[in-house]
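Listed below are the residues making up each chain.
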Amino acid sequence: MTVAVSILPEQQLAALNAAYRQAVARRRLRLLVGAAIFAAALVLAAIGAEVNLRTLFTYFGNFVSYFDRILTLDSGQRVWTDVGEWLWGWRKWLKMLGETLLISYVGTLIGATFAFALNFFAAENTSPSPWLRFTVRRLLEFARTVPGIVFALVFVIAFGLGPMAGVLAIAIHSTGALGKLFSEIVENADMKPVEGIRSTGASWLSCMRFAIVPQVTAGYASYALLRFEINVREASVMGFVGAGGIGQELVVAIRKFYYSDVSAILLTIIVTVFIIDITTGWLRGRLFGKEART
Amino acid sequence: MRARYPDVFDRPAAARLAMPAMIVAAFAILIYGLVDLDFSPSRFFAGLSQLGWISLMMIPPDPGSSLPIYLKALGETLSIALLGTTLAAVFALPVSLLAARNIVPSNILRFPIRRFLDSIRGVDTLIWALVWINVVGLGPFAGVLAIAVSDFGAFGKLFSEAIEGADQKQVEGIRASGGSPLHEIRFGLLPQVLPVIAGQVLYFIESNTRSATIIGIVGAGGIGLQLAEQIRVLEWQKVSFLILMILVAVAAIDFISGKLRFAIIGRRAVA
C-alpha cells in the first residue's frame, strides 16, 4: 500500500518552517524568562533567609560530627557496641512513645468524629443551605491552615502543660484536614440513592445515613488512617512546646547535649513511624479489599 | 431471591457483629486514652473558659508598632520555604533516579536508598530544625536546611514513584536508536516526569510555607519565632494578627501556585 505524502511547494514549506521555528523560539524564550524570574526569586530568598555559604562550609563539619557525636557513647565507644547502655532509658522512652501514640490516636479519632459530623454540611451536593456550607468551609479551612503546633502553644496556656493540649491541637487540625477530604468524597458519591430515599419521604438525616454513608465509609476509613500516620509524626514534636509525648524527652536531650540519648530517641521514633506506616498500609489494603468484594 | 443471595438477607452473625465490635473497641481505646492523658471534664471546661477569654482578648487583631518586623519575618518565612524546597528538589532528583525500579533494577542497591529516604522522612521537620540549629546556629539558615533535608526524603520517594510510573516505550526507542543510558534519561524519561515533578514541587512550596511558619518556634527563623514569643508574653492581639498574616500568606501562595501549576502542566499537555 502506498501512502500519498503530499510534498508542499518550496514556498509554503519555508513559511511553515519559519512558523515552527518561531514557535520553538517563543517557547524557549518563555522558559528562559521563567527560569530568570525563578533565579531572581531564589537570590532574593537567599538574602532574606541570611544564607551564608561560608557558614555552611565552615560548619558543615559540625553537621557530620554531630552525627558522629550522637552515635558515640559517653565512654567513647560507638553506640551499637553496647546496646544496653545506648538504650538505657528504654522503659521511660517506650512509655513516652506510648503516650505519643495515644495522643495521636485520641486526637485523630476526635478529629475524625467532628469531621464526619461537619462534612455533610461542607459538601456541595448534600449541604442543606449555602450559607451553612460557606461557614463550615471557612471554619474547616481555618482549622487546617493554622499549624497544629500553634494551636498546641495556645492550648498549653489555656489547659496547662501536658498531653491534653497536644490531643486538642491534633484534634482540631485533623478536623480541618479530614473535613475537607471527607466532603470531597461525599461530592463524588452517587446521588441516585439519595433521590430514591428522599422519594420515600425520608428526612435529610436518613438520606445521609442510608444513601451517603454506606457509599463513603471505606474512603473515610482510608483517609482517617492516613491522617493517623501523619499525626504520629506530628505528636512526636508536640512535646517541644510542652504538649506531651516523646518530643519532650527529645528536646531535653538535644538542648542538654545528651548525644547518645538523641540518637536512641530518634531511633525509637523512626522505628515507630515505620511500624505505623506499614500497619496502616496493610490495614488500608484490607479495608479496600473488603469493600471491593462486597 | 432470598434463596439465591442468602448472604445479603441473613448475614452470618460473625459478619454482623464485626462492625459494632470494632467500633466498641475503637471507643474503648479512646476512653482509655482520655483517662490516661488526664482529660478530666473539670480541667477541660476550665481550659475552655480560659480559651474563651483568650479569644476575646484577641479581638481586634493589632500589630502594635511591630508591623515592619512582622513583614520582615513573613518574608523570611517565604524565603525559607522557597529555598528549602528548591534545594531539596535539586538534590532529590539524582537520588530518586537511583531509587526507581526501572532505572536501577538491582534490589540490593535500591533497598538501602529507599530505607535511607524513609528514615529522613520519618523525622519531623522540627526535629531537623533543632539538629541544624546545633550546626549553623539560630536563624533562618537553619530553617532552610531543615526544610531542605526533610523534603529531600519526601521528594526522593515521590519522584521515584513518578519515574516508575513513566512509559518505557520512549526509553526503549532511544535505546534502539543507539542512545546511551544518559540519553535515555534525558530524552526518554525527563520529558515525561518533569510536569509531574514540577507539580509536586509547587505543591510542596505551598505546604512548606505552612511548615516554615512553625520552625521558628524552635528558633529557626521566620514568623514562627515572633508568634511563639508573642504567645509566651500573652500579647493576644499581636498573636491574632500574626495568625491572620499567616492565613493570608498561605492563601496567596495557594492561589499563585495553583495558577503556576496549571500553566506548567497545561503547556506540557499542549506541546
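Residues numbered from 1 in each chain as written. Chains lettered and ligands numbered in written order. Predicted model: local features only at pLDDT ≥ 70, side-chain atom pairs only at ≥ 80, totals over all residues. Heavy atoms only, no water.

Caption draft 1: A look at empty space enclosed by the protein. All names here are of chain A. A full pass over the atoms with the stated rule returns one cavity of 30 Å³ or more. Counted as a void, the largest cavity has a volume near 50 Å³. Leu97, Thr100, Leu101, Val232, Ser236, Ile246, Ile269, Thr272 and Val273 are the residues that line the largest cavity. Elements supplying a minimum of two residues to the lining of the largest cavity: helix H4 (90-122), helix H9 (204-238) and helix H11 (259-293). (1 Å grid on protein atoms, 1.4 Å probe; cavity = no way out; pocket = protein on both sides within 12 Å on 5 of 7 lines; lining within 4 Å. Points joined across faces, edges and corners; volume = space filled by probe spheres on them. Helix = DSSP H or I, 4+ residues; strand = E, 2+ residues; numbered from the N terminus.)

Caption draft 2: Region of the structure containing the pattern of salt bridges. Enumeration according to the criterion identifies 14 salt bridges over all chains in this entry. Notably, a salt bridge pairs Lys180 of chain A with Glu184 of chain A, separated by 3.8 Å at the nearest N-O pair. Here Lys180 of chain A and its partner Glu184 of chain A are both found in helix H7 (residues 163-188), four residues apart, which amounts to about one turn of the helix. Relative accessible area serves as the criterion here: at 35%, Lys180 of chain A is assigned to the partly exposed category. Of the charged contacts, one joins Asp167 of chain B and Lys169 of chain B as a salt bridge, the two residues approaching to 3.9 Å between their closest N and O atoms. Residue class for Lys169 of chain B comes out exposed when judged on its relative accessible area of 60%. Here the salt bridges share partners, and the residues they tie into one network are Arg138, Glu141 and Arg144 of chain A. (Salt bridge = Lys/Arg side-chain N within 4 Å of Asp/Glu carboxyl O. Buried < 20%, exposed > 50% of the residue type's maximum accessible area, 1.4 Å probe, protein only.)

Caption draft 3: Up close: the UniProt feature "transmembrane region" (unreviewed entry) in chain A. Residues and elements named next belong to chain A. Following the UniProt record, one finds the feature "transmembrane region" (unreviewed entry) at residues 31-49, 102-121, 142-172 and 264-283. Between the end C-alpha atoms of residues 102-121 the distance is 29 Å, and the span holds 100% helix and 0% strand. Secondary structure content for residues 264-283 is 100% helix and 0% strand, while the C-alpha to C-alpha distance between its ends is 28 Å. (UniProt positions renumbered as here; feature names shortened; annotations may be inferred.)

Caption draft 4: Highlighting the interface of chain A and chain B. Taken together, the contacts link 62 residues of chain A with 60 residues of chain B. Note on chain A versus chain B: buried area summed over both sides is about 5500 Å², and carbon and sulfur give 80% of it. On inspection of chain A and its partner chain B, the count reaches zero salt bridges. Inspection of the region where chain A meets chain B yields one residue pair in polar contact (both at pLDDT 80 or more). Ranked by residues supplied to the side of chain A that touches chain B, first place goes to helix H1 (residues 10-48) of chain A with nine residues. Among the residues making up the side of chain A that touches chain B, the classes are represented as 48 nonpolar, six polar and eight charged. (Contact = heavy atoms within 4.5 Å. Buried area = accessible area lost by both parts, 1.4 Å probe. Polar contact = N/O pair within 3.5 Å; in protein donor to acceptor, adjacent residues only side chain to side chain. Nonpolar A, V, L, I, M, F, W, Y, C, P; charged D, E, K, R; others polar.)

Caption draft 5: Structural view of the packing of aromatic side chains. In total, this model carries 14 aromatic pairs over all chains according to the counting rule given. Residues Phe257 of chain A and Tyr259 of chain A carry aromatic rings whose centres are separated by 6.1 Å and whose planes lie at 45 degrees to one another, so their mutual orientation is tilted. Taken together through their ring pairs, the aromatic side chains of Phe142, Phe151, Phe155 and Phe159 of chain A together with Phe44 and Phe45 of chain B make up a single cluster. (Phe/Tyr/Trp six-rings, centres within 6.5 Å; stacked < 30°, edge-to-face > 60°.)

Caption draft 6: Here's a closer look at the UniProt feature "domain: ABC transmembrane type-1" (unreviewed entry) in chain A. Taking the UniProt record as the reference, the feature "domain: ABC transmembrane type-1" (unreviewed entry) is found at residues 97-280 of chain A. The span residues 97-280 of chain A carries 84% helix and 0% strand; its end-to-end C-alpha distance comes to 17 Å.

Caption draft 7: Molecular detail of the nonpolar core. Phe155, Phe240 and Leu250 of chain A together with Trp132 of chain B are the most contacted members of the largest nonpolar core, which has 131 residues in total. A per-element tally of this core places helix H4 (residues 67-99) of chain B first, with 13 residues. Here this core spans two domains, and each of domain 1 (12-54) and domain 2 (84-292) of chain A adds at least three residues to it. Other than its neighbours up to four places away in sequence, Phe240 of chain A contacts Gly247, Leu250 and Val251 of chain A together with Leu126, Ile127, Leu130 and Val218 of chain B. Counting 18 residues, the second largest nonpolar core, distinct from the first, contains Ala112, Ala189, Val194 and Ile197 of chain A. (Core = buried A, V, L, I, M, F, W, Y, C linked by side-chain atoms within 4.5 Å. Domains from an automatic or database assignment.)

Caption draft 8: Region of interest: the side chain of Gln230 of chain B. All names here are of chain B. By the element assignment, Gln230 lies in helix H10 (residues 223-232). Look at Gln230 and you get buried, because its relative accessible area is 10%. The contact partners of Gln230, leaving out residues within four places of it in the chain, are Tyr70, Glu235, Lys238, Val239 and Leu242.

Caption draft 9: Quick peek at helix H6 (residues 148-159) of chain A. Residues and elements named next belong to chain A. Given a rise of 1.5 Å per residue, 12 residues ought to cover 16 Å, and the 15 Å separating the end C-alpha atoms of H6 matches this to within 8%. When you tally the buried positions in H6, you get 11 out of 12 residues, the bulk of the element. Residue Gly160 follows H6 closely and has a positive phi angle near 90 degrees. (Expected span 1.5 Å × (residues − 1).)

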